[in-house]
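One-letter residues, chain by chain:
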Amino acid sequence: MTVETPPAAAPAVRRIAAQASFETRAILRNGEQLLVTIVLPVLVLVGLVQTSFLELDTQGYSRIDFVTPGVLALAVMSTAFTSQAIATAFDRRNGVLRLMATTPLGRTGLLAGKVLGVLAVEVVQVAVIASVAVALGWRPDLGALPAVVGAGLLGTAAFTALALLLAGTLRAEGVLAVANLVLVLLTVGGGVLLPAEQLAGPLAHAAVLLPSGALGEAMRGALLHGAVPPFSVVVLLGWTAALGAGAARLFRWH
Amino acid sequence: MRKEGDPQLGPIATHLTRVVHTQVTDRDDAPRTAAYDCAVPLSDAPAIDPAQAATAGAVPASPAGAAASADHGVAVEVRGLVKRYDGRAVVDGLDLVARQGAITAVLGPNGAGKTTSIECCEGLRSPDGGTVRVLGRDPIGDARFLRPRVGVMLQDGGLPTGVRALELLRHVAAMYAAPRPVDELAERLGLHGFARTTVRRLSGGQRQRVALAAAVVGRPDVVFLDEPSAGMDPQSRRAVWDLVRELRADGVAIVLTTHLMDEAADLADHVHVVDHGRVIASGSVRELTDGVADRGPHGDPQRSEDAPWGKGGGAGPGTLRIEARPGLDLAGLRNVLPASLSDGGGAGAAPWIAAEAEPGVYTVTGPVDPSTVAAVTAWLADRGVLARSVTTGSRTLEDVFLDLTGRNLR
């Protein structure tokens, strides 16, 4: 028997970085995923800013300043929730989660890699959306950046937890349907693009309690007022805790 | 036949050990039945010490024992494994041992509990009872220790579909401190031809090869391969077998499940036949095909337990296999077979079993010798029947398998 170094794992940082990069490339290479994560938010941005078929109460802000924060919130939702739920559900069905769990990466490494992959895709999204917005006349206050990052992280946590809860409990085809449907419903009536108080009837009150409404408010707060509203922070943390606990308990690897 | 790692076992143990009904509860220290203890010696020999290894090495090695350099220590030990799904036990008191430097095949019909047992060894499922030890460790509790040392090829592949074949292999390799060189491994398994094709567009056999490469890229000490050559063309299968044999020579413990009897027969040093969630027979391929006369729980009723060759004595049973038109009346065949002539026709019943195993395929089992072949072909000639093939040889592993597990579809 040849004498070799005993099998050993690569350092955890390298394993997780490799997984994060792998996940990021997988999403950015997938046509449908790009449609949801990049094309859709950009279309919404251009559509809401350049056309006037939707009457907007911009509360005194320019259309681009008023719309861009909501589009960024939408981008976070599409990646952390819809894209991640679908990718994880199909990975689960195809045995990818189980296979990677048997490598030195393990389950926690896999989760960490996925979360970092989501954040990396979000960086790409923000770069693209911000570029388009700037081209359309957006001049954000760069001092708002830390608040935007904070709001993005809180939203990512809540929606990734929701994605994992869904992906770990439903069939892959079911997740595909539900994740897209929920994205559409939250976009239209969840207080993401427009402030909750502008929604019709009871939605005006309900939407601020939804993770979508809270994320929208957080982004608008950061970019329009320079601070994230504490109420949104509480709502997002609450959802993260509840959905995360649910995912931890109910997620099935098989 | 050399008995690897079990030099202390007597002749009886060289025959098939049937693991008879066992009463195993969730507790490791729970009382076990005598039957259980009887089954232990073959499957539970401790790792041999160097002195014994030297003795064993003096015995002429069979081809399967070519990897004599490995130490044959126990790498995987499963005792009384129980796993239930929705209250139904799919694994029900399974015992299994796999050694370093040996290929251990787990055979069984669909739904026999093979994959579930393997997944318990991989740490992917937690047992409801019994113990599982891989390299002496608990697959779940000691996962961090075992993950770099255990390679896994899942039955459904477990490959992400959107990435390119070689990109995936490089990714898995990145999880290990000192992986095998990816290009060399890809060359071995012929992956370069589709290196830049996404997994989604690979054929079943190509995916299997990528999955196998992923299982071994980390230089594991133990490899679990769940139906490794399913969907492979003969060339691929050969490449896979070569690689598996090379791993064995390097001292790796290989556990593979398969439906392919020739795969088990060609590769395995040790075979466990699993049915209804437990091991119903285990031994080397030779032991199973030579020494078996015990009927399995659903065994072929044609095979009598008290056939004189039944216990695999020196003369040993042979099987003459004839392919011809279906529906031949075999009643007269016994009378022309040599043994009955030499017996003087009367006293001892002729030790022959002739049967139409499936339409057009006949087996004649007994002390086959040259005169048997002459008698059978003459009998065929008398009836004007032209056989498509007449082959001799001991029973195949497939015969044994079907006897043990029955011929019914699951």
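If you're wondering where the values come from, they're calculated on a predicted model, not measured in any experiment.

Colleague: Looking at this model, I keep getting lost on the overall build of chain A. Mind explaining?
Modeller: Regarding its fold elements, chain A presents 10 helices and zero strands. Listed by position from the N terminus, the elements making up chain A come as α-α-α-α-α-α-α-α-α-α. Relative to the 2.2 N^0.38 estimate, which gives 18 Å for 254 residues, the radius of gyration of chain A is 19 Å and therefore close to what a compact globule would have. Taking the principal axes of the C-alpha coordinates as reference, chain A spans close to 75 × 35 × 35 Å.

Colleague: I'm lost on the sheet that holds strand 4 (residues 129–134) of chain B in this one. Help?
Modeller: Note: strands within a sheet are paired through backbone hydrogen bonds, in either parallel or antiparallel orientation. All names here are of chain B. Taken in spatial order, the three strands make up an open sheet running 2-1-4, and their pairing is antiparallel. A single partner strand is all that each edge strand has here, and the edge strands are strand 2 (88–99) and strand 4. Neighbouring strand axes in the sheet, compared pairwise and without regard to direction, differ in orientation by 15 degrees on average. Of the strand pairs in this sheet, strand 1 (residues 74–85) and strand 2 are connected by nine bridges, and their pairing is antiparallel. Its bridge partner lying in strand 2, E77 is registered against V97. Seen against the sheet, helix 4 (residues 114–121) touches strand 1, strand 2 and strand 4 and runs at an angle of roughly 120 degrees to strand 1.

Colleague: I tried to follow the interface of chain B and chain A on my own but got confused; where do I start?
Modeller: When the parts come together, some accessible area is lost, and that loss is often what is quoted as the size of the interface. Counting residues at the interface gives 35 residues for chain B and 29 residues for chain A. The contact between chain B and chain A buries some 2,900 Å² in all, and 57% of this surface belongs to carbon and sulfur atoms. Where B:D156 meets A:R98, a salt bridge forms, and the shortest distance between an N and an O atom there is 2.7 Å. Across the contact surface, chain B and chain A share 11 residue pairs in polar contact (both at pLDDT 80 or more).

Colleague: Any chance you could explain the pattern of salt bridges here in plain terms?
Modeller: In a structure, side chains of opposite charge can pair up when their charged atoms sit close to one another. Here the structure, examined in full by the defined rule, presents 19 salt bridges over all chains. A salt bridge links A:D91 to A:K114, with the nearest nitrogen and oxygen atoms 3.6 Å apart. With A:D91 in helix 3 (residues 63–93) and A:K114 in helix 5 (residues 106–135), this residue pair connects regions lying 23 residues apart in the sequence. On the accessibility criterion, A:K114 (5% relative accessible area) is buried. Taken together, the salt bridges that share partners define one network made up of A:R98, B:E119, B:R125 and B:D156.

Colleague: Would you explain the UniProt feature "transmembrane region" (unreviewed entry) in chain A in this entry?
Modeller: Residue and element names in this part refer to chain A. Cross-referencing UniProt, the feature "transmembrane region" (unreviewed entry) maps to residues 34–54, 66–90, 111–138, 144–167, 174–194 and 231–251 in the present numbering. Between the first and last C-alpha atoms of residues 34–54 the distance is 25 Å; the span itself is 81% helix and 0% strand. As annotated, residues 66–90 has a helix share of 100% and a strand share of 0%, and its two end C-alpha atoms lie 36 Å apart.

Colleague: Explain the pairing of strand 6 (residues 222–226) of chain B to me, please; I cannot follow it from the model alone.
Modeller: Looking along a regular strand, one sees the side chains alternate between the two faces of the sheet. Residue and element names in this part refer to chain B. For strand 6, a buried count of five out of five residues is recorded, marking the element as mostly surrounded by other parts of the structure. Going residue by residue along strand 6, you find V222, F224 and D226 tucked away on one face and V223 and L225 tucked away on the opposite face as well. Relative to strand 6, strand 5 (residues 150–153) is paired through four bridges, and the arrangement is parallel. Residue pairing across strands places V152 opposite F224, the latter belonging to strand 6. Strand direction decides the pairing type here: strand 6 and strand 7 (residues 253–258), joined by five bridges, are parallel. In the strand pairing of strand 7, L225 is matched with L256. In this fold, strand 6 hands off to helix 9 (residues 234–249), which returns the chain to strand 7; that crossover is right-handed.

Colleague: What am I meant to see in the packing of helix 2 (residues 31–50) of chain A against helix 3 of chain A here?
Modeller: Residues and elements named next belong to chain A. Axis separation between helix 2 and helix 3 bottoms out at 9 Å; the angle between their running directions is 165 degrees. Judged on the interaxial angle alone, helix 3 and helix 2 are roughly antiparallel. As helix 2 runs across helix 3, the sense of the crossing is right-handed. Only R63, I64, V67, T68, V71, L74, A75, S78, T79, T82, S83 and A87 of helix 3 make contact with helix 2, whose side of the interface consists of Q33, V36, T37, P41, V44, L45, L48 and V49. Looking at the contact of helix 2 with helix 3 residue by residue, the class counts come to 12 nonpolar, seven polar and one charged.

Colleague: Hey, could you run me through the confidence of the model for chain B in this one?
Modeller: When pLDDT is low, close inspection of the predicted coordinates is not appropriate. Residue and element names in this part refer to chain B. Confidence along chain B averages 76 in pLDDT terms, with 71% of residues attaining 70 or more. Taken as a whole, residues 1–70 scores under 50 in pLDDT and shows 100 contacts with residues more than four places along the chain or in a different chain. Across residues 340–348, where pLDDT falls below 50, the model places 10 contacts with residues more than four positions away in sequence or in other chains. As scored by the predictor, the complex reaches a pTM of 0.76 and an ipTM of 0.87.

Colleague: It is not clear to me how the sheet that holds strand 9 (residues 278–283) of chain B should be interpreted in this structure. Could you clarify?
Modeller: Residues and elements named next belong to chain B. With respect to topology, six strands assemble into an open sheet ordered 5-6-7-3-8-9, the strand pairing being mixed. The sheet is open, and its two edges are formed by strand 5 and strand 9, each paired on a single side. The average angle at which neighbouring strand axes cross in this sheet is 15 degrees, direction not considered. Sheet contacts for helix 15 (residues 397–405): strand 3 (103–107), strand 8 (270–275) and strand 9; angle to strand 8, the most-contacted strand, approximately 30 degrees.

Colleague: Looking at this model, I keep getting lost on the environment of B:S371. Mind explaining?
Modeller: Residue and element names in this part refer to chain B. In this structure, S371 sits in helix 14 (residues 370–382). When its relative accessible area of 35% is taken as the criterion, S371 is described as partly exposed. Through-space distance from the C-alpha of S371 to that of V150 is 52 Å; in sequence the pair is 221 residues apart.

Colleague: Help me understand the environment of A:T103 in this model?
Modeller: One can find A:T103 in the loop between helix 4 (96–102) and helix 5. On the accessibility criterion, A:T103 (5% relative accessible area) is buried. A sequence separation of 82 residues divides A:T103 from A:L185, and the C-alpha atoms of the two residues are 38 Å apart. In this view, A:T103 contacts B:R147, B:V172, B:M175 and B:Y176; residues no more than four positions away in its chain are not counted. Among the polar contacts listed, one links the side chain of A:T103 to the backbone oxygen of A:M100, at a separation of 2.7 Å.

Colleague: How do you make sense of the pairing of strand 2 of chain B when you look at a structure like this?
Modeller: Counting buried residues along strand 2 of chain B, nine of its 12 residues qualify, which places the element largely inside the surrounding structure. Taking the residues between adjacent antiparallel strands as the criterion, strand 1 of chain B and strand 2 of chain B are bridged by two residues, where B:D86 takes a positive phi near 50 degrees.

Colleague: What am I meant to see in helix 9 (residues 211–225) of chain A here?
Modeller: Side chains of residues three or four places apart in an α-helix project in the same direction, reflecting 3.6 residues per turn. Between the first and last C-alpha of helix 9 of chain A there are 20 Å, a value that for 15 residues agrees with the 21 Å anticipated at 1.5 Å per step. Positive phi shows up at A:G226, right after helix 9 of chain A, with a value of about 75 degrees.

Colleague: Would you mind showing me how to read the packing of aromatic side chains here?
Modeller: Tallied over the entire structure, the rule returns two aromatic pairs over all chains. Taking the centre distance of 5.4 Å and the plane angle of 65 degrees together, the rings of A:F251 and A:W253 count as edge-to-face. Assigned by exposure class, A:F251 and A:W253 land together as buried. In this structure, B:R137 packs its charged tip against the face of B:F145, placed 3.6 Å from the ring centre. Over the aromatic face of B:F145 sits the side chain of B:R149, whose NZ or CZ is 3.9 Å from the ring centroid.

Colleague: Any chance you could explain unusual backbone geometry here in plain terms?
Modeller: Note on backbone geometry: most residues besides glycine have negative phi, and most peptide bonds are trans. Residue and element names in this part refer to chain B. A positive phi angle, near 50 degrees, is found at R219, a position not held by glycine. Among the structural elements, R219 can be located in the loop between helix 8 (204–216) and strand 6. Assessed through its relative accessible area of 29%, R219 is described here as partly exposed. You will see that E227, though not glycine, has its phi angle at about 50 degrees, which is positive. Looking at the element boundaries, E227 is found in the loop between strand 6 and helix 9.

Reading guide: rules and limits
Residues numbered from 1 in each chain as written. Chains lettered and ligands numbered in written order. Predicted model: local features only at pLDDT ≥ 70, side-chain atom pairs only at ≥ 80, totals over all residues. Heavy atoms only, no water. Helix = DSSP H or I, 4+ residues; strand = E, 2+ residues; numbered from the N terminus. Rg over C-alpha atoms; globule rule 2.2 N^0.38 Å. Pairing = 2+ DSSP bridges. Axes fitted to C-alpha atoms, helices over the stretch in contact; angles between N-to-C directions. Contact = heavy atoms within 4.5 Å. Buried area = accessible area lost by both parts, 1.4 Å probe. Salt bridge = Lys/Arg side-chain N within 4 Å of Asp/Glu carboxyl O. Polar contact = N/O pair within 3.5 Å; in protein donor to acceptor, adjacent residues only side chain to side chain. Buried < 20%, exposed > 50% of the residue type's maximum accessible area, 1.4 Å probe, protein only. UniProt positions renumbered as here; feature names shortened; annotations may be inferred. Right-handed = clockwise from strand over helix to strand, strands pointing away. Parallel < 35°, antiparallel > 145°, perpendicular 65-115°, else oblique. Left-handed = near helix turned anticlockwise from the far one by under 90°. Nonpolar A, V, L, I, M, F, W, Y, C, P; charged D, E, K, R; others polar. pLDDT = per-residue confidence, 0-100. Expected span 1.5 Å × (residues − 1). Phe/Tyr/Trp six-rings, centres within 6.5 Å; stacked < 30°, edge-to-face > 60°. Lys NZ or Arg CZ within 6 Å of the ring centre and 35° of its normal.

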